[in-house]
Amino acid sequence: MRAVLSGYASLFGEPDLSGDVVHAGAFAASLQRRTTALPLLVGHNPAARAGSWQVVREDGRGLWVEGLVEAHWPGAGLAARLLGQGTDGLSIGYTTRRARPRPEGGRTLLVIDL
């Protein structure tokens with residue numbers, strides 16, 4: 001079993017559930033330093049790795065990702081079932097390196113490490 005998954009993992013200028021807004025270019029330094037594929041996890045759980053993100057890039061809209069779910073990873077079966085039921089979004093794990101508060105709540109994320 002192999003499944004391809006793609007979409008925007010983050011949209012620039014759009015508040016997330018915490019009110020945080022990612023600034024265009026926030027991922028650039030992290031992407032330049034990356035030498036290995038990012039893990040594709042189910043529910044942010046490292047024990048439920050389902051594959052790897054093969055393409056991770058910023059464009060004018062946000063952070064575009066293309067991943068491959070592969071059967072030999074422990075979370076692949078769960079990922080396949082969830083994808084079969086339909087999904088309405090992706091989420092990323094990151095560390096904030098530089099941010100500023102937003103008057104309406106949350107932060108503007110200026111530099112993020114994936």
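A brief structural summary. The numbering scheme is per chain: residues are counted from 1 as the chain's sequence reads. Totals for whole chains, interfaces and linings use all residues, but because this is a predicted model, local features are given only for residues with pLDDT of at least 70 and pairs of side-chain atoms are given and counted only at 80 or more. By convention in this description, side-chain values take in all heavy atoms of the structure and omit both hydrogens and water.

1. Digging into the sheet that holds strand 3 (residues 38–42)
Here the rule is simple: two strands pair whenever DSSP picks up at least two bridges between them. Comment: elements are numbered from the N terminus, with helices defined as DSSP H or I runs of at least four residues and strands as E runs of at least two. What the four strands build is an open sheet, ordered 1-5-4-3; its pairing is antiparallel. Of all strands in the sheet, those with a lone pairing partner are strand 1 (2–11) and strand 3, marking the two edges. Direction aside, neighbouring strands of the sheet carry axes that sit 40° apart on average. In terms of strand pairing, strand 1 meets strand 5 (residues 62–70) through nine bridges, oriented antiparallel. In the sheet register, arginine 2 faces strand 5, and the bridge partner there is glutamate 70. The contact criterion used is simple: two residues touch if any of their non-hydrogen atoms lie within 4.5 Å. Between N-to-C directions, angles cover 0 to 180 degrees, with each direction set by a line fitted to C-alpha atoms, over the stretch in contact for helices. Of the strands in this sheet, strand 1, strand 3, strand 4 (45–58) and strand 5 are in contact with helix 2 (residues 76–85), which crosses strand 5 at around 120°.

2. Notes on the packing of aromatic side chains
Here a pair means two rings of Phe, Tyr or Trp (six-membered ring of Trp) with centres within 6.5 Å. Their orientation is stacked below 30 degrees between planes, edge-to-face above 60, and tilted elsewhere. Taken as a whole, this structure holds two aromatic pairs when the rule is applied. Between tyrosine 8 and tryptophan 64, the aromatic rings sit 5.0 Å apart at their centres with planes inclined by 70°, giving edge-to-face as the arrangement. Of this pair, tyrosine 8 sits in strand 1 while tryptophan 64 sits in strand 5, placing them 56 residues apart in sequence. Here, a charge over a ring is recorded when the distance from Lys NZ or Arg CZ to the ring centre is within 6 Å and its angle to the ring normal is within 35 degrees. Of note, arginine 49 hangs over the ring of tryptophan 73, and the distance from its end group to the ring centre comes to 4.0 Å.

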